[in-house]
Amino acid sequence: MYILHHALKNLIRNKGRNILIGLVLTAIIAASVVGLVINNTASAVIDDYRTRFSSQVRIIPDFGFFRARYGGMGIGYHARAVIPSEQALAFAESQYLSGYVMTALKNLGSDYIYPIGDRDLFPSERISGFGMEGDAPVRATFRVMGNMWDEFETGERTMREGRMPQAVGEAVISHELAELNGLSVGDEIEMLHAAFIPEIGAMYIRNVSITYTISGIFLDFTDIEAGFFGAPVPMFHRRNEILTTLGTITQSLGDGAVAIMLVTPTYYLRDPAYLPYFEAEIRTKGLADTFHVSADIDSFRAIVEPVEGLRSVFVTFVVIVLVLGTVILVLLSWIAIRERKYEIGVLRAMGMKKGKVVRGFLYEMGVLTIICLTLGLVAGAAVSQPVADNLLQQQVAIAGRAVPVGQYTADLPLGFIAPVEPLSEISLHLGAVTMVQIAAIALLLAFIASAMGIVNITRYEPIKILVERDR
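All residue numbers refer to positions counted from 1 along the written sequence of the respective chain. For this predicted model, a pLDDT threshold of at least 70 governs which residues receive local features, and a threshold of 80 or more governs which side-chain atom pairs are given and counted, while totals over whole chains, interfaces and linings are taken from all residues. Hydrogens and water molecules were not included; the side-chain quantities draw on all heavy atoms of the structure.

A. Expanded view of the pattern of salt bridges. Throughout this description, the term salt bridge denotes a Lys or Arg side-chain nitrogen within 4 Å of a carboxyl oxygen of Asp or Glu. In this structure the tally under the stated criterion is 11 salt bridges. Notably, a salt bridge pairs Arg239 with Glu176, separated by 3.7 Å at the nearest N-O pair. Of this pair, Arg239 sits in the loop between strand 10 (231-232) and strand 11 (241-244) while Glu176 sits in helix 7 (residues 175-181); the two residues are 63 residues apart in sequence, bridging distant segments of the chain. For each residue, the accessible area found with a 1.4 Å probe, counting protein chains only, is set against the maximum for its type, and the residue is called buried under 20%, exposed over 50%, and partly exposed in between. For Glu176, a relative accessible area of 30% corresponds to the partly exposed category. Salt-bridge contacts for Asp220 lead to Arg239; the nearest nitrogen and oxygen are separated by 2.9 Å. In this pair, Asp220 sits in strand 8 (residues 202-220) while Arg239 sits in the loop between strand 10 and strand 11, placing the two residues 19 residues apart along the sequence. Grouping residues by exposure puts Asp220 and Arg239 together as buried. Each of Glu151, Arg157, Glu176, Asp220, Arg238, Arg239 and Glu241 takes part in one network of salt bridges that share partners. The numbering of helices and of strands both runs from the N terminus, where a helix is a DSSP run of H or I of at least 4 residues and a strand a run of E of at least 2.

B. Focus on the nonpolar core. Put simply, a nonpolar core is a bunch of buried Ala, Val, Leu, Ile, Met, Phe, Trp, Tyr and Cys residues held in one set by side-chain atoms that sit within 4.5 Å of each other. Counting residues in hydrophobic clusters, the biggest one holds 40 residues, and the most contacted among them are Ile59, Ile173, Ile189 and Tyr267. Residues in contact with Ile59, not counting those within four places in the same chain, are Ile83, Phe91, Tyr267, Ile282, Leu287, Phe291, His292 and Val293. In terms of nonpolar packing, the next biggest core, distinct from the first, is built from 38 residues, Val34, Ala388, Leu392 and Leu445 among them. We call two residues in contact whenever any of their non-hydrogen atoms come within 4.5 Å of each other.

C. Representation of the packing of aromatic side chains in the model. In this analysis, rings of Phe, Tyr and Trp, with Trp reduced to its six-membered ring, are considered paired at centre separations within 6.5 Å, and the interplanar angle assigns stacked below 30 degrees, edge-to-face beyond 60, and tilted for intermediate values. What the rule picks out here adds up to 5 aromatic pairs. When the ring of Phe152 is compared with that of Phe218, the centres are 5.8 Å apart and the planes differ by 80°; the resulting orientation is edge-to-face. Placement of Phe152 in helix 6 (residues 150-154) and of Phe218 in strand 8 is noted, with a sequence separation of 66 residues between them. Accessibility classification places Phe152 together with Phe218 in one group, the buried group. Among the aromatic side chains, those forming a connected cluster through ring pairs are Tyr96, Tyr274 and Tyr277.

D. Quick look at helix 5 (residues 85-92). Considered for burial, the residues of helix 5 that qualify are Ser85, Gln87, Ala88, Phe91 and Ala92. Along the long axis of helix 5, the arc covered by the buried residues comes to 160°, so they all point the same way. Elements in contact with the buried residues of helix 5: strand 1 (56-61), strand 2 (97-108), strand 13 (262-269) and helix 9 (275-284). To be clear, the arc concerns the directions from the helix axis to the C-beta atoms.

E. Region of interest: the environment of Met435. Looking at where Met435 falls in the secondary structure, it is placed in helix 12 (residues 432-459). Separated by 402 residues in sequence, Met435 and Val33 place their C-alpha atoms 8.2 Å apart.

F. The confidence of the model for the protein, seen in detail. Per-residue pLDDT for the protein has a mean of 75; in total, 66% of the residues score no lower than 70. Per residue, pLDDT captures the predictor's confidence, and it can take any value from 0 to 100. Across the protein, the element-wise mean pLDDT spans from 50 in strand 9 (residues 227-228) up to 95 in strand 6 (residues 170-174). Here residues 401-419 is modelled with pLDDT under 50, and outside its nearest four sequence neighbours on either side it reaches 45 contacts, counting other chains as well.

G. View of the pairing of strand 11. Here strand 11 shows two buried faces, one formed by Glu241 and Leu243 and the other by Ile242 and Thr244. Two strands qualify as a pair provided DSSP detects at least 2 bridges between them. Pairing of strand 4 (residues 142-146) with strand 11, which is carried by 4 bridges, proceeds in the parallel orientation. By the bridge assignment for strand 11, Val144 is matched with Ile242.

H. Up close: the side chain of Glu170. Take Glu170: it is sitting in strand 6. A polar side-chain atom of Glu170 sits 2.8 Å from the main-chain amide nitrogen of Gln166. Any pair of nitrogen or oxygen atoms within 3.5 Å is treated as a polar contact; in protein, a donor-acceptor pairing is required on top of that, and neighbouring residues in sequence qualify only through side-chain atoms on both sides.

I. Expanded view of the environment of Val383. Tracing the chain through its elements places Val383 in helix 11 (residues 354-399). Judged by relative accessible area, Val383 falls into the partly exposed class, the value being 40%. Each C-alpha atom, one on Val383 and one on Val34, is 7.3 Å from the other, the two residues being 349 residues apart in sequence.

J. Focus on helix 9. Along helix 9, the residues that are buried comprise Leu275, Phe278, Glu281 and Ile282. Viewed along the axis of helix 9, the buried residues span an arc of 125°, placing them on a single side of the element. In this structure, the buried residues of helix 9 make contact with strand 1, helix 5, strand 2, strand 13 and strand 14 (291-295). A positive backbone phi angle near 115° is found at Gly286, which sits one or two residues after helix 9.

Have a look at this one:
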């Protein structure tokens, strides 16, 4: 107890020197906190996205083939450059998958329901000039979406009345669309869908009538997308979206009709190594050679490249800080020990054993390290997030791989919106692993700072220390 009390007194007695050592130690710890927090978080983010994208399978059509075969971006192109829903569901029944998510989208018109965004648009307007036989396709003014409930989970949409669709044929619509057309829960709405009737030598179009029962009405808080390339298009108005189950949207239209819709299956492999086996299996199930199967490596790289750059910067930064900081700390400790050499000699001459003198120095450095560790953790945690955000933005600019949100991707059918963006921010947190790492660094620095004193205590006899002091 006496040794600890004496060590605390020495900290106060030599406060100028200890403050200088403490500032250096605190700066090293704070810098290490920033670097390790960013490094550990970035590594976790990269590992998460690597698992997600290397295990996530993309099935992409050969756009060049479909454009050449079906004439640019017309209806024939859109109908054939997608995977049929029956086939997509069959692919999901694979032993190589850990799971899958499937959504569907098709565009509808109506002779009875007015869309939001253009009240004067006559619902039964037809489109001509596509060179197809049969019915003139109904103009699409609505979008029916299957299994797209993410915005209800994030709070961007919420049910106002009724319930989510459960049975086949049920759907929910927006409050604005219901109010415009005088609709309520339990009403039926009749929509028209342009479908192909494949026959030898030609493709015929038939406008198939589909009836949906309104099971609920939702409130929409999302941004309204009422245009396409600057032109007002009701089909892209968020309040004109009709939401239903996957089973409802993919139900058979009868009479051999082929629905013109976009089915988006996302498959997740149990292991990325299973990709060639999964591809071989779905080829045998009917996937044409005009579709390519691959893991989404490009998206993974586009998203995490800035994060990898950020991690690399801070790994280098931490190494430099630790090396330079340790050198400075050793120099300061060496100077401090030279000043306290006489004190060591006096204590040893008075009969204090080497072990107790060493323990006194360790107590001093231990108390100083605890104080610096606390200050360093607080300071590092406070500045790590803004520093990371600023440098991540710089890395994003350097990478230059972002595709703006909402950019039209002409190669994808039905004008599908496919933004690919790098991460613009990562949420940092000071976890238990990082705190253990920082504590280990602080203890190592404390040992290095104490090493000079321990060497002098154990190496020299007290008489020699006192004699050298008198010279």
